[in-house]
There are 2 protein chains.
Amino acid sequence: MENKVIYVAGLGLIGGSLALGIKRDHPDYKILGYNRSDKSRNVALERGIVDQATADFKEFAPLADVIILAVPIKQTIEFIKILSEMDLKDNVIITDAGSTKGEIVEAGEKYLAGKKVRFVGSHPMAGSHKSGAIAADVNLFENAYYIFTPSSLTLDGTIDELKGILSGLHARYVEIDAAEHDRVTSQISHFPHILAASLMEQAGDYATEHEMANHFAAGAFRDMTRIAESEPGMWTSILLTNKEAVIGRIDDFKERLDAVKELISKSDGDAIWNYFNHAKETRKEMQIHKRGGVESAFDLFVDVPDEEDVILRILELLRGTSLVNIHVNEENREDINGILQISFKNAKDLEHAKKVISENTDYKVHIN
Amino acid sequence: MENKVIYVAGLGLIGGSLALGIKRDHPDYKILGYNRSDKSRNVALERGIVDQATADFKEFAPLADVIILAVPIKQTIEFIKILSEMDLKDNVIITDAGSTKGEIVEAGEKYLAGKKVRFVGSHPMAGSHKSGAIAADVNLFENAYYIFTPSSLTLDGTIDELKGILSGLHARYVEIDAAEHDRVTSQISHFPHILAASLMEQAGDYATEHEMANHFAAGAFRDMTRIAESEPGMWTSILLTNKEAVIGRIDDFKERLDAVKELISKSDGDAIWNYFNHAKETRKEMQIHKRGGVESAFDLFVDVPDEEDVILRILELLRGTSLVNIHVNEENREDINGILQISFKNAKDLEHAKKVISENTDYKVHIN
């Protein structure tokens, strides 16, 4: 099998991590990189993330068997235009890494039509608080969803070929229509970011007249506003490239707020109880039955006493078991909290942990 | 100093934990308890949470120096009415544990007026996913806010006397006007619960037509809907006893959603960027400058590799240091995440941890 040439445009966290993931299973592939700024380009070369790097996007495009555009959405579309005017290898695969897919797939179909290229949209669903090639991590996409959104230029076998090239990412690959991808993410990601930012803005304004709001804000408020600290530029482009779906969620949500307001105004206790209970049951449903759903699928809950080194004691029992997540929160109890939650990558590790903790401690252990 | 008689009505998580906290510093106090159902009453007796227990609220009321009503809001008001018709000890202190304070303080002032009793509202800001006397915990209120809302029946010295009685809770005591308490909590707790429940309901409905919404829901969505699993009955009474403030937050929030919608419709990228950036800056402000604010004040962040036992290794270095919170999340990176966050109770522990981790590992350690 011939050694492919992979061209990664954009050597930030995502592009750099994709390059590392490809290298892991395909050390013989030649990985070329583009980055406008010197910094990440030099870091990528120093870390061996890429074999060669350029500041001129056009330079390496004609050499590539696969071109991955890991740059902001607007620039991704610009690069697709540039590629449409270049002589590329026959059947080159062009893909991207944007958080919205409709406009990018549309641009691919529009500008690349008639060329001997294959185009498929990609959304590797991962991110980090860190950025730049310096933060690139070969494990960034492990167990994360890697979503393919096919276009009219996606031929039979294109996605399977890409899966083979990306095998070292150890991601969970899913194929979905671009418009549906944007609708789904508007509900579970884009609109929630608006809720978080607006709640944060509202509380900040309110605190100027009600100062204790700064002090009483508890775990629930913290969790609901955490993503309000996301990178503004990225979320601005996401909203601008998914307008219809996001506005649909806003309008729908305002109606739900009106309905709750009406129940409160009428002091309809039964209806308010049903409203809260329905939300509770809905979430439990998602948690328990949906693999990769709202909650990590393999969670273990341990009721731990408020004692020193209790977490250390449990982790010593779990030595060698790889945890996906560990969380305990005792600093404020105005919410559903107060237990040690440990998430595992698979049911085997979960069962093992449940067994050893039950056998070696008197802590109550439960699955949910 | 004479040994006081404390009467705790309601032996659930809150009442039971209050009783245990009082006992810790005042083992000689006599603690009497009321609970309607046998279960928590018997558990409270078995665990020694109370010295005597009754199923008849009136039975112990005349014996008490302090009466703590730790029952639902509506029942608290009913008990205040009952107490107003009884012969109680002179200068008995009557207080409660309700999550909203306006209606309870109003009831106290209305029904207890003219009696030789002292009344002050209380809101111990703590909770747990657990409930009942079985879950009562002497440490439940440690470092939590315990809010006093004075009434016209709160005499000089009443609150100081209560602080002395409650010293074993190790809580942070704050005094605030009842109406202001309800306004502040409507913003940082009550309205956010509506947002979480409505988002959960919306996503559940959406997922019936867009099934992948169940699968792509990530850390951000999970955190924003976590409190949607709170106990419906409690939150129903909270909304019903804080209608005006909560409806005010709903109306204000709808205007904010309209504003964002307008920016999206106009594709005003600069304004959307400013909106997200302002929310980001506002939250950072709260995090960094507000003790007991949005974030625990003494957080340490450690950039950890995705290796087995890395958390164990760090906790071994921190052996004997008491953590308030530890959190790492690698299962999904579609949000601000991917580092180990450890929260400490004070700056000394934080500095110690920073030092030992820096000296003994090559992990990057930062304060924010």
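Residues numbered from 1 in each chain as written. Chains lettered and ligands numbered in written order. Predicted model: local features only at pLDDT ≥ 70, side-chain atom pairs only at ≥ 80, totals over all residues. Heavy atoms only, no water.

**Some thoughts on the side chain of Asp252(A)**
Convention followed: Secondary structure elements follow DSSP: runs of H or I no shorter than four residues count as helices, runs of E no shorter than two count as strands, and numbering proceeds from the N terminus. N or O atoms within 3.5 Å of each other form a polar contact, as long as, within protein, one can give a hydrogen and the other can take it, and as long as residues adjacent in sequence are counted only when both atoms are side-chain atoms.
In this fold, Asp252(A) is placed in helix H11 (residues 243-265). For Asp252(A), the side chain forms a polar contact with the side chain of Arg256(A), separated by 2.6 Å. In terms of polar contacts, Asp252(A) uses its side chain to reach the side chain of Gln202(B), at 2.8 Å.

**Describing the environment of Glu106(A)**
The topology assignment puts Glu106(A) in helix H5 (residues 102-112). Here the alpha-carbon distance between Glu106(A) and Gly121(A), two residues 15 residues apart in the chain, equals 9.8 Å.

**Some details on the pattern of salt bridges**
Opposite charge on two side chains permits them to pair, given that their charged atoms come into close proximity. Basically, it comes down to this: Whenever a carboxyl oxygen of Asp or Glu lies within 4 Å of a side-chain nitrogen of Lys or Arg, that contact is scored as a salt bridge. Burial status follows relative accessibility: with a 1.4 Å probe on protein chains alone, a residue under 20% of its type maximum counts as buried, one over 50% as exposed, and anything between as partly exposed.
With the rule as written, the count across this model stands at 42 salt bridges over all chains. Of the charged contacts, one joins Asp223(A) and Arg226(B) as a salt bridge, the two residues approaching to 2.2 Å between their closest N and O atoms. In this pair, Asp223(A) is assigned in helix H9 (residues 219-225) and Arg226(B) in the loop between helix H9 (219-225) and helix H10 (232-240), connecting two distinct chains. The residues Asp223(A) and Arg226(B) share a single accessibility class, namely buried. Between Arg118(B) and Glu161(B) there is a salt bridge; the shortest N-O distance is 3.0 Å. Note that Arg118(B) is positioned in strand E6 (residues 117-124) and Glu161(B) in helix H6 (residues 158-165), a separation of 43 residues in sequence. For Arg118(B), a relative accessible area of 11% translates into the label buried. Several salt bridges converge on common partners, so that one network encompasses Glu201(A), Asp205(A), Arg249(B), Asp252(B) and Arg256(B).

**Section: the interface of chain A and chain B**
Quick note on the threshold: Here a residue-residue contact requires only that any non-hydrogen atoms of the pair lie within 4.5 Å. Using a 1.4 Å probe, buried area is obtained as the accessible area two parts lose upon being combined, added over both of them. The residue classification treats Ala, Val, Leu, Ile, Met, Phe, Trp, Tyr, Cys and Pro as nonpolar and Asp, Glu, Lys and Arg as charged. All others, Gly included, are polar.
On the side of chain B, 135 residues touch chain A, which itself brings 136 residues to the contact. Between chain A and chain B, roughly 13400 Å² of surface is buried when both sides are summed, and carbon and sulfur atoms account for 61% of that area. Counting the contacts that link chain A with chain B gives 14 salt bridges. Across the contact surface, chain A and chain B share 40 residue pairs in polar contact (both at pLDDT 80 or more). Of all the elements, helix H7 (residues 178-209) of chain A adds the most residues to the side of chain A that touches chain B, at 24 residues. Broken down by class, the residue content of the side of chain A that touches chain B amounts to 57 nonpolar, 39 polar and 40 charged.

**Regarding unusual backbone geometry**
If you check the backbone angles, His170(A) has positive phi at about 55° while not being a glycine. Relative to the helices and strands, His170(A) is located in the loop between helix H6 (158-165) and strand E8 (172-175). The partly exposed category is assigned to His170(A), whose relative accessible area is 38%. Backbone geometry places Ser267(B), a non-glycine residue, at a positive phi of 50°.

**With respect to the relation of the copies chain A and chain B**
Basically, it comes down to this: When the copies are superposed, the least-squares fit takes in the C-alpha atoms of residues with a pLDDT of at least 70 in both.
Expressed as a screw transformation, the operator carrying chain A onto chain B has a rotation angle of 180° and an axial translation of 0.0 Å, and the superposed copies differ by an RMSD of 0.1 Å. Those values place the two copies in the arrangement expected of a two-fold rotation axis.

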